[in-house]
Amino acid sequence: MKYLMIGAGGTGGSIGGFLANAKKDVTLIARGTHLHAMEEHGLSFETTRKGNFTVNPIKVCDMEHYNEKADVIFVCVKGYSLEDTIPFIKRASHEKTIVIPLLNIYGTGKKLQEQLPEVLVTDGCIYIVGEIKEAGKILQSGDIFRIVYGVRNKKEFRPELETIKKDLEDAGIDVILSDNIQKDALQKFSFVSPMAACGAYYDVRVEEVQKEGEIRSTFITLIEEINAIAKAMNISLPENIVEINLDIMDQLAPNASASMQRDIWAGKASEIDGLVYEVVRLGKKYSVPTPMYDKVAEKFS
């Protein structure tokens, strides 16, 4: 399988680096100093899961100079950059290419499929806290590194999806090939959205959410509001979804933070529309009150 990672940050860089370390055929799409650092020195990792290591050499390229056709394309960009990837995906695909979007925003796969009818686009999500520490180096905070993906329609299932799962597992990544990806993707969203919203609202890192008190209670309330929307959408999240998400939160490194927060701190564009405002819109669409999300949205609107 020939893999292509669009995006080489905490998500795409981690997947691509682990695959390359397992001797899989993978190319990372990057730009700027991060691209040049990987060309010269490879891609380095600081992890608690696998220790510190460097993959050198590693195949990297920018969009303009990639001239191959990929069997599997992982889309690992921020939600606001998704539209920019579509012409490139079309150029880098063949008729049997499988596209796996791993964005924080719920429903990305379905939207992307409408614009890429000639290939199979799955839905997917990822559990990881990773970021570019400096050009050519990825920092992973905490041990969690799990990819969940699958087709929305069982008739679209292809054996290659199992091959992808095996390759990812060979690389040391936890993988779930889901038979109900819409539920699983929304379940992941029920963690990442409250994490980002709560952290941004109080301007804190994970360690403050791990403590009993107001901030942790707010995190729980945000989860409950998404769970209420899920029920209105006829999607059944686990009954103990709050406990599941609290357990994930408590496994993270205390100094970790959501990528949305880091973008806000840096004064850059962020995914707040898809992670916060979209929940408010869904609440209105399905007549579900979202008072805590309303407060977060009001603070940043």
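Structural data are supplied above this passage.
Throughout, a residue's number is its position along its own chain's written sequence, starting from 1. The model is predicted, so local features are restricted to residues of pLDDT at least 70 and side-chain atom pairs to those at 80 or more, both for listing and for counting; the totals for chains, interfaces and linings are taken over all residues. Hydrogens are left out, water is left out, and the side-chain values use all remaining heavy atoms of the structure.

Novice: Is there a simple way to explain the overall build of the protein chain in this structure?
Specialist: The number of helices and strands found in the protein chain is twelve helices and eleven strands. Principal-axis analysis of the C-alpha atoms gives the protein chain an extent of 50 × 40 × 30 Å. Throughout, a residue-residue contact means that at least one pair of heavy atoms, one from each residue, lies within 4.5 Å. Put simply, of all contacts in the protein chain between residues at least 6 apart along the chain, 70% involve residues at least 24 apart. If you sum the accessible surface of the protein chain, you get close to 13,400 Å²; carbon and sulfur atoms cover 48% of it. Both charge centroids of the protein chain, one from 36 positive and one from 43 negative side chains, sit 3 Å from each other. Secondary structure counts use DSSP, requiring at least four H or I residues in a row for a helix and at least two E residues in a row for a strand, with both numbered from the N terminus. In this description, accessible areas are obtained by the Shrake-Rupley approach with a 1.4 Å probe, and a residue is regarded as covered only by the protein chains that are shown. Positive charges come from Lys and Arg alone, negative charges from Asp and Glu alone, with His and the N- and C-terminal ends not counted. Think of each charge as sitting on NZ of Lys, CZ of Arg, CG of Asp or CD of Glu.

Novice: When you look at the sheet that holds strand β6 (residues 70-75) in this model, what are you seeing that I'm missing?
Specialist: Backbone-to-backbone hydrogen bonds pair the strands of a sheet. The strands run either parallel or antiparallel. DSSP calls a pair of strands paired once it identifies at least 2 bridges connecting them. Read across the open sheet, the six strands follow the order β5-β2-β1-β6-β7-β8; overall the sheet is parallel. Of all the strands in the sheet, just β5 (59-61) and β8 (120-121) have a single pairing partner and so form its edges. In this sheet, strand β7 (residues 93-101) lies alongside β6 in parallel orientation, the contact comprising five bridges. Residue pairing for β7: isoleucine 73 is matched across the bridge by valine 99.

Novice: Even after reading the chapter, I still don't get helix α9 (residues 241-251), so can you show me in this structure?
Specialist: Within an α-helix, residues lying three or four positions from one another point in the same direction, as the helix has 3.6 residues per turn. Within α9 the residues assigned to the buried category are Ile241, Val242, Asn245, Leu246, Ile248 and Met249. Across the axial projection of α9, the buried residues extend over an arc of 160 degrees, all falling on one side. Buried-residue contacts for α9 involve β9 (123-134), β10 (137-150), α6 (181-202), α7 (206-209) and α8 (214-232). Each residue gets one of three labels from its accessible area relative to the maximum for its type: buried under 20%, exposed over 50%, partly exposed in between, using a 1.4 Å probe on protein chains only. Directions from the helix axis toward the C-beta atoms define the arc.

Novice: Could you clarify how one ought to interpret the packing of aromatic side chains in this entry?
Specialist: We describe a pair of aromatic rings using the distance from one ring centre to the other and the angle between the two ring planes. Two rings from Phe, Tyr or Trp (for Trp, the six-membered ring) form a pair when their centres are within 6.5 Å of each other. A pair whose planes differ by under 30 degrees is stacked, one over 60 is edge-to-face, and the rest are tilted. The full count for this structure, using the stated rule, is nine aromatic pairs. Pairing phenylalanine 18 with phenylalanine 145 gives two aromatic rings, centres 5.0 Å apart and planes at 75 degrees, and the pair type is edge-to-face. Of this pair, phenylalanine 18 sits in helix α1 (residues 12-21) while phenylalanine 145 sits in strand β10, and the two are 127 residues apart along the sequence. With respect to burial, phenylalanine 18 and phenylalanine 145 carry one shared label: buried. With centroids separated by 5.0 Å and ring planes inclined at 90 degrees, the aromatic side chains of tyrosine 201 and tyrosine 202 adopt a geometry described as edge-to-face. Following the ring pairs from residue to residue traces out a cluster consisting of Phe18, Phe45, Phe53 and Phe145. By definition, being over a ring means that NZ of Lys or CZ of Arg is both within 6 Å of the ring centre and within 35 degrees of the ring normal. For arginine 146, the ring lying beneath its charged end belongs to tyrosine 127, and the centroid distance is 4.4 Å. For lysine 299, the ring lying beneath its charged end belongs to tyrosine 201, and the centroid distance is 5.1 Å.

Novice: How do you make sense of the packing of α8 against helix α12 (residues 291-300) when you look at a structure like this?
Specialist: How two helices pack is summed up by the angle between their axes together with the distance between the axes. Fitted lines through C-alpha atoms give the axes, limited to the stretch in contact for helices. The angle between two N-to-C directions lies from 0 to 180 degrees. Axis separation between α8 and α12 bottoms out at 8 Å; the angle between their running directions is 110 degrees. One element, α8, and the other, α12, form an angle in the roughly perpendicular class. Residue-level inspection shows Thr218, Thr221, Leu222, Glu225 and Ile226 of α8 in contact with α12, the latter providing Pro291, Met292 and Tyr293. Residue polarity is assigned by list, with Asp, Glu, Lys and Arg as charged and Ala, Val, Leu, Ile, Met, Phe, Trp, Tyr, Cys and Pro as nonpolar; anything else, Gly included, falls into the polar class. Residue classes in the contact of α8 with α12 are distributed as five nonpolar, two polar and one charged. In these notes the angle categories are as follows: under 35 degrees is roughly parallel, over 145 is roughly antiparallel, 65 to 115 is roughly perpendicular, and the rest is oblique.

Novice: In this structure, what is going on with the pattern of salt bridges? I would like to understand it.
Specialist: Pairs can form between side chains of opposite charge whenever their charged atoms are close. When a carboxyl oxygen of Asp or Glu lies within 4 Å of a side-chain nitrogen of Lys or Arg, that pair is called a salt bridge. Throughout the structure, instances matching the rule amount to 21 salt bridges. The partner of arginine 49 in a salt bridge is aspartate 174, with the nearest N and O atoms 3.1 Å apart. Residue arginine 49 is located in the loop between β3 (43-46) and β4 (53-55), and its partner aspartate 174 is located in strand β11 (residues 174-177); the two are separated by 125 residues in the primary sequence. Judged by its relative accessible area of 27%, arginine 49 falls in the partly exposed class. Residue aspartate 174 is classed as partly exposed on the basis of its relative accessible area of 35%. Notably, a salt bridge pairs aspartate 263 with lysine 78, separated by 2.6 Å at the nearest N-O pair. Pair noted here: aspartate 263 is in helix α10 (residues 259-265) and lysine 78 is in the loop between β6 and α3 (82-92), with a separation of 185 residues, a long-range link. With a relative accessible area of 5%, aspartate 263 lands in the buried category. Shared partners join several salt bridges into a network, and the residues in it are Lys2, Asp25, Lys59 and Glu68.

Novice: Explain the nonpolar core here, please?
Specialist: Nonpolar side chains in soluble globular proteins tend to end up buried together. Residues enter a nonpolar core if they are buried and are Ala, Val, Leu, Ile, Met, Phe, Trp, Tyr or Cys, with the set joined through side-chain atoms within 4.5 Å. Met195, Phe219, Met249, Leu252, Val276 and Tyr293 are the most contacted members of the largest nonpolar core, which has 50 residues in total. Those elements that place two or more of their residues in this core are β9, β10, α6, α7, α8, α9, α11 (272-285) and α12. Per-element accounting of this core gives the leading share, ten residues, to α6. Those residues in contact with leucine 252 that lie beyond four places of it in its chain are Val129, Ser141, Ile144, Phe191, Met195, Val206 and Gln210.

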